[in-house]
Amino acid sequence: ARCNSFAWMSPQSVKSPNKSDNLKREVQGLLNKVCPENIATIVQKISAIEVTQASQLSAIIELIFKKVLAEPHYCETYADLVFGLKTTFPEFPPSDGGKPISFRSS
């Protein structure tokens, strides 16, 4: 008999991670490694993530913002991260006729 690691969970609570969950997990994992000595590497790795939707860009921005608030002692390091990423990601047309959604405008 095969052992299912999700056997104790109800079928409704078991769901496979979607692209958005994977993106958030990847970015959060990189943000957890941020320190002044490796910020250039982190910028490079986050820049390499393919962002095809405004919601994905918003998720990345939200994760960075939450991390900055949680770790104010790395404020300057996160400022360097934002500076390094500001021209990396695409700009998306606004859904409500307002300003375009971009890393700079959010």
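I will try to describe carefully the structure that is included in this document.

Rules of the game
Residues numbered from 1 in each chain as written. Predicted model: local features only at pLDDT ≥ 70, side-chain atom pairs only at ≥ 80, totals over all residues. Heavy atoms only, no water. Axes fitted to C-alpha atoms, helices over the stretch in contact; angles between N-to-C directions. Helix = DSSP H or I, 4+ residues; strand = E, 2+ residues; numbered from the N terminus. Parallel < 35°, antiparallel > 145°, perpendicular 65-115°, else oblique. Left-handed = near helix turned anticlockwise from the far one by under 90°. Contact = heavy atoms within 4.5 Å. Nonpolar A, V, L, I, M, F, W, Y, C, P; charged D, E, K, R; others polar. Buried < 20%, exposed > 50% of the residue type's maximum accessible area, 1.4 Å probe, protein only.

So, on to the packing of helix H1 (residues 19-31) against helix H3 (residues 54-70). Here H1 crosses H3 at 30 degrees, and the two axes come no closer than 10 Å. With respect to their mutual orientation, H1 and H3 come out roughly parallel. The hand of the H1/H3 crossing is right-handed. Where H1 abuts H3, its residues Lys19, Leu23, Lys24, Val27, Gln28 and Leu31 lie against Gln56, Ala59, Ile60, Leu63, Ile64 and Lys67. When the residues that make up the contact of H1 with H3 are grouped by side-chain class, the tally is 7 nonpolar, 2 polar and 3 charged.

Okay, the environment of Gln53 next. Tracing the backbone shows Gln53 in the loop between helix H2 (39-47) and H3. With relative accessibility at 43%, the residue Gln53 sits in the partly exposed group. Separated by 39 residues in the primary sequence, Gln53 and Phe92 have C-alpha atoms spaced 7.4 Å apart.

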